[in-house]
Amino acid sequence: MLSLLPDLSKAQRSAHASPTSDPMADAARKHAIRTLTEFDTGKVTRLKDGRALREYWIDALNTEIEVAPGVRYAAWTFNGAVPGPTLRCTEGDSILVHFTNKAAMPHSMHFHGIHAANMDGVFEQVPPGSSFDYAFTAKPFGLHIYHCHTMPVKMHIARGLYGVFLVDPKTPRPKAREMVMVMNGFDTDLNDEDNEFYTVNGFANVFFRDYPIPVKQGELQRVYLVNMTEFDLLNSMHTHATFFHVYPTGTTTTPTNYTDTITLGQGERAILEFRYDYPGRFLFHAHQNEFAELGWLGQFEVKP
Amino acid sequence: MTPPREGRPGDAGQAHAATRPSALRVVLSGIAPLVLVGLMVWWFLLFGINYVRLGPPPVEKLAIERVIFKPQEITLLVRNEGPGPLTVAQVLVNQAMWDFSITPGRELARLQSARISIPFDWIEGDPYNFDVITGTGIRHVRKVEVATGTPSVSPRALGIFGLLGVYVGVIPVFLGLLWLPFLRSMPRSWMDFWISLTVGLLAFLAIDTFREAFEVMGRVPEFLNGLMLVALGAIGAFLALTGIDGIMRRRGGSRPAGARGMGLALMIAIGIGLHNLGEGLAIGAAYTLGEVALGSFLILGFTLHNTTEGLAILSPLVQEKVSWRDLFLLGLVGGGPTIVGTWTGAFTYSDPLSLVFLGIGGGAILQVISVLVRARAESGESAIEALAKPRNIAGLLVGFILMYLTGLLVAG
């Protein structure tokens, strides 16, 4: 089925690519590419006990974004795009998130992790125009998420209020080229809980048509893979011509599986590590091919 | 010019004649309301609209009016039938994003249409779903049950669809006409039965025509008001045929009585012909729109079904002298339009136009029914009283049931 897709050079010439001038699409593309490698490590100060205090600033906003060329979506966002910024820290750090709700209805931030009840972002709803500080210690290490937990939660997540919360182990993982990939879907007509498009990092086919990800042959690649899809029970990732080690939820440092296809439920995530032995272009995509053909398709461009 | 006097009873006509207005005044009085309406529209668009523009932007509405299958390419004809402009953003074929080109462009003004070309290796006979997603993320859907190559006008295609029309329209009507000797061999007292049987057949056809029209109506953009297109055709046909009937009647008065039977038969043939035009349209279009696979069974079904139409034309002729030439003419008038229909339906199909034609067919048949019933009514009898005789009721029902049963053969 995938072989029917036009090759990249043809695709770029075709009408499938966005209209000639579309600043909103360009912004969405840039955001998707930036999300791949950009980590917000916060403003760091040393506490008396030697621990790091990391402060982050997050705003909830109503933002119109583009999710596929020409297709606009009335999103609710953390800091103006979907997904929100990847917040990165180390296990044991003291975390302080300054959250301001600049949107039109109550929102909250619910972090996956181990913390006190009043820091869970469920019962302390933040009305429009108000702020809330979330303070907790980062634990356990692993690949986590944060998202709005205002009801109806499925709508607040589907509209785009989520991001990655990455807690590194105290002993760092081996050096690798790191990438964040947030799988999601967009029900653009908002009326049937049926996603029109599927993306990685918010824009359909961005890593296939706009930015094939450059990779060095033999170099260790680490993908932080997160599933924030709503309305579909599962999402998945398949890499062509390589196999990866799987660290479920990133909470172990020894892999539990060696495969080329991984399926994640809603809110589930895993760290994948792999290398490419051969140069060339290699696809990666959801192995629910119906998702792949609605935007969840990318390629690595492996160079010697 | 004097203003009209306060009229006294009795001199109104005179006063009117005395104050016939000048041509200028007629023109001005005709134009004044238009000018006022124009001013109002101008004011509203400039200022008034600000008072009523409330709420979010209107929902985009795009109709995929037609799907054309050519080798390795599918073309969608779309029209913006929403209240404002829209942008065509993405096209999905069977739930997969696909390359496309669009002319004249992605931006469509209200009621503007565009042509979306999709390079696609489609498979004959498969069902296809098309989704056009517009700028605000709305999905506009069209399903095709059976993909079939859209015929282009060529001698071969003309031949095939012409032959189709001959099979489902012309041949059966002529075959039905061959019952004339049989009808003549029956007792004269059966005349009423044959006529009421014809009314039963025609009633079935009329209902069937309007059913078809309602089906097509579902596909026609709302703003075109499909129901009124059908009504336009039906009322127009009914009135036109009533006029023709009147002319024939007046002429018939100075001719031998035999002309009346022939005139009536001709009216029935015209009504059935107009119905067959609609039926041909529907068959040609159903094939082109990929709704049916035209199997031999379907064609045979239509053939048998339509044989009864020949029977209907005959009933006024049972006691008349008719030449073979006249019979041939009647068959041609009743069956021939099917060919025009299949051609039009296959090559230049348009839903709104076919609604008008279906209305014409339905209205024509209703008019013929009214002529038939009135012709049978004895002096002082109402049409209902004429029909309510046992023999006529039997004829009506037999006609209707005959149509129903042969209609079962047209499955799909």
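Residues numbered from 1 in each chain as written. Chains lettered and ligands numbered in written order. Predicted model: local features only at pLDDT ≥ 70, side-chain atom pairs only at ≥ 80, totals over all residues.

1. Considerations on the confidence of the model for chain A
Test applied: Confidence scores here are pLDDT values: one per residue, from the predictor, ranging 0 to 100. Remark: residues whose backbone-derived C-beta atoms lie within 7 Å of one another are considered to be in contact.
The share of residues in chain A with pLDDT of 70 or more is 93%, and the mean pLDDT across the chain is 92. Across residues 1-19 of chain A, confidence stays below pLDDT 50; counting only partners more than four residues off in sequence or on other chains, it has 26 contacts.

2. Digging into the pairing of strand E20 (residues 297-303) of chain A
All names here are of chain A. Our working definition: Counting other C-beta atoms within 10 Å of a residue's own tells you its class, since 20 or more makes it buried, 12 or fewer makes it exposed, and anything in between is partly exposed; those C-beta atoms are placed from the backbone. In this text, helices come from DSSP runs of H or I with a minimum length of four residues, and strands from runs of E with a minimum of two, each type numbered from the N-terminal end. Between any two strands, pairing holds if DSSP finds at least two bridges.
Among the 7 residues of E20, 5 are classified as buried, and the element is accordingly described as predominantly covered. One ladder, built from 4 bridges, connects strand E12 (residues 213-216) with E20; its direction is parallel. Looking at the pairing, Lys216 lines up with Lys303 of E20. Looking at chain direction, strand E19 (residues 280-285) and E20 are connected through 6 bridges and run antiparallel. Across the sheet, Leu283 pairs through a bridge with Gln299, a residue of E20.

3. Overview of the UniProt feature "binding site: Cu cation" (unreviewed entry) in chain A
Residue and element names in this part refer to chain A. Keep this limit in mind: UniProt positions are given in the numbering used here, feature names are shortened, and annotations may be inferred rather than shown by experiment.
UniProt marks His107, His112, His147, Cys148, His156 and His287 with the feature "binding site: Cu cation" (unreviewed entry), using the numbering shown here. Over a stretch of 181 residues, the named residues are scattered through the fold, their C-alpha atoms separated by up to 33.5 Å. As for its position among the elements, His107 is in the loop between strand E5 (94-101) and strand E6 (110-111). Filtering out sequence-adjacent residues up to four positions away, His107 remains in contact with Ala60, Asn101, Val126, Cys148, Thr150, His156 and Leu161. Position of His147 relative to the elements: it lies in strand E8 (residues 142-147).

4. Side note on the UniProt feature "domain: Plastocyanin-like" (unreviewed entry) in chain A
Residues and elements named next belong to chain A. When the UniProt feature table is mapped to this numbering, "domain: Plastocyanin-like" (unreviewed entry) covers residues 64-170 and 210-303. In residues 64-170, the share of helix is 6% and the share of strand is 44%. The end C-alpha atoms are 39 Å apart. Within residues 210-303, the helical portion is 5% and the strand portion 52%, while the C-alpha atoms at the span's ends are 18 Å from each other.

5. As for the domain arrangement of chain A
All names here are of chain A. Condition: The domain limits used here are those given by an automatic or database domain assignment.
When the domains of chain A are assigned, the result is domain 1 (2-31 + 174-303) and domain 2 (38-168). The C-alpha centroid of domain 2 is placed 23 Å from the C-alpha centroid of domain 1. At the interface, 31 residues of domain 1 touch 24 residues of domain 2. Contributions of two or more residues to the side of domain 1 that touches domain 2 are made by helix H2 (23-37), strand E10 (177-186), strand E11 (197-200), strand E13 (221-227) and strand E18 (269-274). Here the side of domain 1 that touches domain 2 gets 4 residues from one element, more than from any other, and that element is H2.

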